[in-house]
Amino acid sequence: MAILKIEKYPAVVLKTKTKLISNFKDPSLQKLIQDMEETMYTAPGIGLAANQVGVSLHLAVIDVDYKDGEHNKNLRIFINPKIVEKSDPIVFESEGCLSLPGVSETTKRYNKVTIEYQNLKGEHQTLTAEKLLAIALQHEIDHLNGKLYIDHLSSLKRDLLLKKFKKILSQ
Ligand code: CO
């Protein structure tokens, strides 16, 4: 396993819609997933999309039960995920991203989502998630579609956040 470099805003790969995965037997896919796990837990973070490590494929890993030092607590792998239903709009207090380290902002999300995705064998799955897992899924699926959480903010809030982020980066 290897720890991969996490792409930071404004990397082009983060703004690019990723490609759907069709070859589930490709051994490099398994290797990529293992490296993404290791990279996410080391960061540490609760979710990571493939384009955050520079690979433009429709794949994300999530572990919302992560606690310091505990790897693989409840790892979930989502291949080709898409949201098919969302309900219960909420204000999420502090959304952040490994590609925008050091900043966070209040976002409007849904507390409940239903997604369709494929597992490692390529089998089609449906999952209804709530709370933090639902937020993480919206965040990671946004990534896969070339979007960041800051794209949901007002231009005023986004400009302020990016100003702060650039300041942090330059320090
Ligand atoms: Co992110």
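Refer to the structure above for everything that follows.
Remember, it's a predicted structure, so these values are computed and weren't measured experimentally.

Peer 1: How should I be thinking about the environment of Asp151 in this particular structure?
Peer 2: As for its position among the elements, Asp151 is in the loop between helix H2 (131-144) and helix H3 (155-170). Apart from the residues within four sequence positions on either side, Asp151 is in contact with Gly146 and Arg158.

Peer 1: Explanation requested: the coordination of the cobalt ion in the structure shown.
Peer 2: For a metal bound by four donors in tetrahedral geometry, the ideal donor-metal-donor angle is 109.5 degrees, whereas six donors in octahedral geometry ideally sit at 90 or 180 degrees. Distances from the cobalt ion to its protein donors, Cys97 (SG), His139 (NE2) and His143 (NE2), fall at 2.1 to 2.3 Å. The sequence pattern formed by the donor residues of the cobalt ion is C-x41-H-x3-H. You can see Cys97 sitting in the loop between strand E3 (76-96) and strand E4 (104-118) and its partner His139 sitting in helix H2, a full 42 residues away along the chain. In this pair, the class of Cys97 matches that of His139, namely buried.

Peer 1: What should I look at first to understand the packing of aromatic side chains in this one?
Peer 2: Aromatic ring pairs: the centre-centre distance and the angle between the two ring planes describe each pair. Scanning the model with the defined rule gives 2 aromatic pairs in all. When the centroid spacing of 6.3 Å and the interplanar angle of 75 degrees are considered together, the rings of Tyr9 and Phe165 count as edge-to-face. Here Tyr9 is found in the segment before helix H1 (27-42), whereas its partner Phe165 is found in helix H3, with 156 residues between them in sequence. Just as Tyr9 is buried, Phe165 falls in that class too. Ring geometry for Phe78 versus Tyr117: centroids 4.8 Å apart, planes at 70 degrees, classification edge-to-face. You can see Phe78 sitting in strand E3 and its partner Tyr117 sitting in strand E4, a full 39 residues away along the chain.

Peer 1: In this structure, what is going on with the environment of Leu160? I would like to understand it.
Peer 2: Relative to the assigned elements, Leu160 resides in helix H3. Put simply, Leu160 and Asp68 are 92 residues apart on the chain and 30 Å apart in space, counted from C-alpha to C-alpha.

Peer 1: In this structure, what is going on with the pattern of salt bridges? I would like to understand it.
Peer 2: The final tally for this structure, using the stated rule, is 6 salt bridges. We note a salt bridge from Lys5 to Glu7, for which the minimum N-O separation is 3.8 Å. What makes Lys5 exposed here is its relative accessible area of 62%. A salt bridge links Lys82 to Glu116, with the shortest nitrogen-to-oxygen separation between them at 4.0 Å. A residue pair is termed long-range when its members are at least 10 positions apart, and Lys82 in strand E3 and Glu116 in strand E4 qualify at 34 residues. Classification of Glu116 by relative accessible area gives partly exposed; the value is 34%.

Calculation notes
Residues numbered from 1 in each chain as written. Predicted model: local features only at pLDDT ≥ 70, side-chain atom pairs only at ≥ 80, totals over all residues. Heavy atoms only, no water. Helix = DSSP H or I, 4+ residues; strand = E, 2+ residues; numbered from the N terminus. Contact = heavy atoms within 4.5 Å. Donors = N, O, S within 2.8 Å, 3.2 Å for Na, K, Ca; no water. Buried < 20%, exposed > 50% of the residue type's maximum accessible area, 1.4 Å probe, protein only. Phe/Tyr/Trp six-rings, centres within 6.5 Å; stacked < 30°, edge-to-face > 60°. Salt bridge = Lys/Arg side-chain N within 4 Å of Asp/Glu carboxyl O.

Honestly, it's all geometry; don't read function into it.
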